[in-house]
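If you want the building blocks of each chain, they are given just below.
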Amino acid sequence: MAAAPAFALDIQLPPETAVFKPSELPGYALAQRNCMTCHSVHYIQSQPTTSPRGYWDATVRKMKKPFGAQFSDADIPDMVDYLVKTYGAERSNAVPIANAAIKPAAVAPKAGATAAIDTKALLAANACMGCHSIDKKVVGPAFKEVVAKYKGKADAVSLVARNIRAGGAGKWGPVPMPAFSQLSEGEAMALAHYVLAQ
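- For the chain, an unreviewed UniProt entry supplies the name C-type cytochrome and the organism Pusillimonas minor.

**Some words on the overall build of the chain**
Inference 1: A tally of helices and strands in the chain yields eight helices and zero strands.
Inference 2: When the helices and strands of the chain are read in sequence order from the N terminus, they spell out α-α-α-α-α-α-α-α.
Inference 3: Burial analysis of the chain (198 residues in total) assigns 37% to the buried set.
Inference 4: Contacts spanning at least 24 positions in sequence make up 61% of the contacts within the chain whose residues lie at least 6 apart.

**Notes on the packing of helix 7 (residues 156–166) against helix 8 (residues 185–196)**
Inference 1: Helix 8 packs onto helix 7 with a crossing angle of 120° between their chain directions and a minimal axis gap of 8 Å. Relative to helix 8, the element helix 7 is oriented oblique. At the point where helix 7 passes helix 8, the crossing takes the right-handed sense. In this structure, helix 7 uses A156, V157, S158, V160, A161, I164 and R165 to contact helix 8, whose residues at the interface are E185, A188, M189, L191, A192, H193 and L196.
Inference 2: Grouping the amino acids of the contact of helix 7 with helix 8 by side-chain chemistry returns ten nonpolar, two polar and two charged.

**Here's the deal with the UniProt feature "binding site: heme c" (unreviewed entry) in the chain**
Inference 1: Residues given the UniProt feature "binding site: heme c" (unreviewed entry) here are C128, H132 and M177. Maximum C-alpha separation among the annotated residues is 10.8 Å over a sequence range of 50 residues, consistent with a single clustered spot.
Inference 2: By the secondary structure assignment, C128 is in the loop between helix 5 (119–125) and helix 6 (143–150).
Inference 3: Beyond its immediate sequence surroundings of up to four residues, C128 is in contact with L122 and L123.
Inference 4: Position of H132 relative to the elements: it lies in the loop between helix 5 and helix 6.

**So, the side chain of Q47**
Inference 1: The residue Q47 is located in the loop between helix 2 (41–45) and helix 3 (53–64) in this model.
Inference 2: The buried category is assigned to Q47, whose relative accessible area is 11%.
Inference 3: Leave out the neighbours within four places in its chain, and Q47 touches Y55 and W56.

Analysis parameters
- Residues numbered from 1 in each chain as written.
- Predicted model: local features only at pLDDT ≥ 70, side-chain atom pairs only at ≥ 80, totals over all residues.
- Heavy atoms only, no water.
- Helix = DSSP H or I, 4+ residues; strand = E, 2+ residues; numbered from the N terminus.
- Buried < 20%, exposed > 50% of the residue type's maximum accessible area, 1.4 Å probe, protein only.
- Contact = heavy atoms within 4.5 Å.
- Axes fitted to C-alpha atoms, helices over the stretch in contact; angles between N-to-C directions.
- Parallel < 35°, antiparallel > 145°, perpendicular 65-115°, else oblique.
- Left-handed = near helix turned anticlockwise from the far one by under 90°.
- Nonpolar A, V, L, I, M, F, W, Y, C, P; charged D, E, K, R; others polar.
- UniProt positions renumbered as here; feature names shortened; annotations may be inferred.

What follows is the structure in structure tokens.
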């Protein structure tokens, strides 16, 4: 008896709707950038609200090793501080956000308003290469795949820049790309130019 052929299952996940609670804590932008690369905010929201700092520290470290999340060890204390003060046992001590419409702090240093944007610094500061590479798929598409998808489109740079700032899911597979809304339009355009030049 011949075995039935196997077919790939195409699963379309719904777009991400949950967001991290805004905060002036430095770990807020880091959590947006690092945690949503691999999972939904619902994962964080489902953790016990009585979880102490040690629990969050162990959880964040577990994501880095053994699971291989691509963020710096230097980010861990700020991420843990934000998580425990926003979702864990230290919630009452959380630094409230002054204005719900506040823009998250930029994660890349700026030399000045008129200075040229350092694309390599932006790539490093936003851990882009943790999910992407030039010529092979990592978590997200290779830059060369992005080039092929947008080849011949007059507004390619604007489209890619918009996707960087807005994030999204379903365009390149089931893993959502977090929004990098903390980037200015100029920074997103610089990254888009870099990606499309590969």
